[in-house]
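Inside the fold
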Amino acid sequence: MPRISFAIAFLLTFSLSIAIAQPNTEPSKVTIDPETHALSINGKKIFTIGFTVPPPPDAKAFNGKPALEEFRDAGAVFIRTGPMLDPSGEWKGSWDARWIATEKAYMDAAAKAGMYCMPWLKELSHLEEDQPQKEEKLRTIIRMFKDHPGMGIWKGEDEPQWAELNSKDNKNLVPGLKRAYDIIHQEDANHPVWIVQAPRGNVQQLRRHNVAYDIGGVDVYPISYPPGSHVPTDANKELSMVGDYTRKMIEVVEDKKPIWFTLQIAWSGVTKPGKQLRFPTFHEERFMTYEAIINGARGLIYFGGNLPVTLNERDKELGWNWTYWQRVLRPLIEEIGDKSPLAQALVAPNSKMPVKAKDKNIELCVREVGKDVYLLACSKDAQKTSEIEFTGLPKELAEGVVLYESPRKIAVKEGAFTDWFAPFEVHVYKFTRP
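All values reported here derive from a predicted model rather than from experimental measurement.

So, how was this worked out
Residues numbered from 1 in each chain as written. Predicted model: local features only at pLDDT ≥ 70, side-chain atom pairs only at ≥ 80, totals over all residues. Heavy atoms only, no water. Helix = DSSP H or I, 4+ residues; strand = E, 2+ residues; numbered from the N terminus. Buried < 20%, exposed > 50% of the residue type's maximum accessible area, 1.4 Å probe, protein only. Areas by Shrake-Rupley, 256 points an atom, 1.4 Å probe, with all protein chains shown as cover. Lys, Arg positive; Asp, Glu negative; His and termini not counted. Charge placed at Lys NZ, Arg CZ, Asp CG, Glu CD. Contact = heavy atoms within 4.5 Å. Pairing = 2+ DSSP bridges. Phe/Tyr/Trp six-rings, centres within 6.5 Å; stacked < 30°, edge-to-face > 60°. Lys NZ or Arg CZ within 6 Å of the ring centre and 35° of its normal. Core = buried A, V, L, I, M, F, W, Y, C linked by side-chain atoms within 4.5 Å. Axes fitted to C-alpha atoms, helices over the stretch in contact; angles between N-to-C directions. Salt bridge = Lys/Arg side-chain N within 4 Å of Asp/Glu carboxyl O. Parallel < 35°, antiparallel > 145°, perpendicular 65-115°, else oblique. Left-handed = near helix turned anticlockwise from the far one by under 90°.

Here we look at the overall build of the protein
A count of helices and strands for the protein gives 13 helices and 19 strands. Here the protein holds 434 residues, and 55% of them are scored as buried. Accessible surface computed for the protein: about 19,100 Å², of which carbon and sulfur atoms make up 54%. Side chains of the protein carry 55 positive and 57 negative charges; the gap between the two charge centres is 1 Å.

Here you go:
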């Protein structure tokens, strides 16, 4: 073969090899780093990115690729499975034979794509003392899937504090949740339990549930008409409520467990009859994503990509909102996924470097990876565009790059620099020590 032809063949082979998803072939061992609260899968730390609810297990993306391979290619790792929404948008279904077969199909597809499932245990996520048949069913489900290469995280009760508040007798779910949690870990030592709370309740009310999960979370959906209808009693109706709730949930877990934040693609407040359909723009979704990270979230789940009323004619055939994926989510996940320039920074501990912004509306965090210093900053100001001064960087730095805004660079002098921020704008800086 001529040399030029050999080179072309090699490059084509190499390109194909990196484009094809690497399947999971062995059971996963999922742990939580005690310092950073980052997730580790088989020894590799990742920043968690997932979707609730995913397309069907055999679905194709807009480009003809398997849907889960499209997610994985962008840098996402998880899909939330378990009994799903039906086409009307209601939570129906249970762990019957039909769903067990569906879960097996999801796990097979996830493993093939190099992703992992987070099965919602739904009716099995809490157990009373006198429910031996239900307990045995829970044990059966755990044993059935715990060693599957597509298994990642167990999802426990959905919004338990909100469920207690809405029950007729203010039922205390904690004992039943704890009983189920203990049984899960008796059967499976390798996969943590994740619980998501509604944006309700105070710190003490929410803290009662800490005994029943390893990973905490909250779902907050600011985008609606009128704004902030998901949190009707909160004073802050702006996008920055994401930062408020991230800090609140870290206080709930006393900074001893990871917090994952569930953000919206769409939700019932924009899809039910009488509501106006509305999606976050790229600017809005990017702000919410980074504000959660800056305030301490170690994972992000995007909700509502499957809701039928949100799908255009093309996407109805495909069973998922690929239009929103192309316009907003894929570009964003490429910034924060496990293949991104930020991947190592997002699983690093917060730096003790004394970086400050001379504006109360700027939120920031600093991460260090080797010689590199990453500064993530966002403006929660809903009105003003301002030039902001930052101080406290190492004095040997002279210049930094603004990631995802190439070719923009920042000049640093004596550990300080200035930059402009518009309302809800995000900048991601990378500095490298000499």
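Here's the deal with helix α2 (residues 67–74)
Within α2, six of the eight residues are buried, which leaves the element mostly enclosed by the surrounding structure. Taken residue by residue, α2 has Ala67, Leu68, Glu70, Phe71, Arg72 and Ala74 as its buried positions. On the buried face of α2, the contacting elements are β4 (48–52), β5 (78–81), α3 (97–113) and α12 (322–336).

Examining the pairing of strand β13 (residues 362–369)
Among the eight residues that make up β13, six are buried, leaving the element largely enclosed by the rest of the structure. Alignment of β13 against strand β14 (residues 372–379), held across eight bridges, turns out to be antiparallel. By the bridge assignment, Val369 is partnered in β14 with Asp372. The hairpin turn running from β13 into β14, its antiparallel successor, is two residues long, and Gly370 in that turn takes a positive phi close to 60 degrees.

Focus on unusual backbone geometry
Excluding glycine, a negative phi dihedral is what most residues carry, and trans is how most peptide bonds are arranged. The peptide bond linking Thr52 to Val53 adopts the cis configuration, its omega dihedral lying at 0 degrees. Tracing the backbone through its elements, the reader meets Val53 in the loop between β4 and α2. Following Tyr225, the chain continues to Pro226 via a peptide bond in cis, the omega torsion being -10 degrees. The topology assignment puts Pro226 in the loop between β9 (215–219) and α8 (241–252). The phi torsion at Glu254 lies on the positive side, around 55 degrees, for a residue other than glycine. Structurally, Glu254 is set in the loop between α8 and β10 (259–264). A residue is classified by how much of its surface remains accessible, and Glu254, at 43% relative accessible area, is partly exposed. Despite not being glycine, Asp255 has its phi angle at roughly 55 degrees, a positive value. By the secondary structure assignment, Asp255 is in the loop between α8 and β10.

Things to note about the packing of aromatic side chains
Counted by the stated rule, this structure contains 26 aromatic pairs. Taken together, the ring pairs connect Phe51, Phe62, Phe71, Tyr302, Trp320, Trp322 and Trp325 into an aromatic cluster. Across from the ring centre of Tyr213, 5.4 Å away, lies the NZ or CZ of Lys257, which sits over that ring. Between the NZ or CZ atom of Arg278 and the centre of the ring of Tyr225, over which it lies, the distance is 4.5 Å.

With respect to the nonpolar core
Phe71, Phe261, Tyr302 and Leu376 are the most contacted members of the largest nonpolar core, which has 92 residues in total. Looking at this core element by element, the count peaks at eight residues for α12. With near-sequence residues (within four places) excluded, Tyr302 lies in contact with Ile49, Gly50, Phe51, Thr52, Leu263, Ile265, Glu285, Thr289, Leu329, Leu332 and Ile336. In this structure, Val373, Phe390, Val402 and Phe417 belong to the second largest nonpolar core, which totals 18 residues.

So, the sheet that holds strand β3 (residues 44–46)
The strand order β1-β2-β3 describes an open sheet built from three strands, whose pairing is antiparallel. The outermost strands of the open sheet, each flanked by one partner alone, are β1 (30–32) and β3. Averaged over neighbouring strand pairs, the angle between their axes works out to 35 degrees when direction is ignored. Both strand β2 (residues 39–41) and β3 contribute to a ladder of three bridges, which runs antiparallel. Looking across to β3, one finds that Leu39 is bridged to Ile46.

Description of the pairing of strand β19 (residues 426–432)
Extensive coverage of β19 is indicated by the burial of five of its seven residues. When β14 meets β19, the two strands line up antiparallel, connected through seven bridges. Following the sheet pairing, Tyr374 is matched in β19 by Lys430.

Brief notes about the pattern of salt bridges
Applying the stated rule across the entire model yields 32 salt bridges. Where Lys358 meets Glu389, a salt bridge forms, and the shortest distance between an N and an O atom there is 3.4 Å. With a gap of 31 residues between them, Lys358 in the loop between β12 (356–357) and β13 and Glu389 in strand β15 (residues 386–391) connect regions that are remote in the sequence. Glu363 is paired through a salt bridge with Lys380; the nearest N and O atoms lie 3.9 Å apart. Placement of Glu363 in strand β13 and of Lys380 in the loop between β14 and β15 is noted, with a sequence separation of 17 residues between them. Since its relative accessible area comes to 9%, Glu363 is described here as buried.

Structural notes on the packing of α3 against helix α4 (residues 132–145)
With their axes 11 Å apart at the nearest point, α3 and α4 run at an angle of 25 degrees to one another. In terms of their interaxial angle, α3 and α4 are classed as roughly parallel. Of the two possible hands of crossing, α3 and α4 adopt the one that is right-handed. Taking contact as the criterion, the partners of Ile100, Glu103, Lys104 and Met107 in α3 are, on α4, Ile141, Met144 and Phe145.

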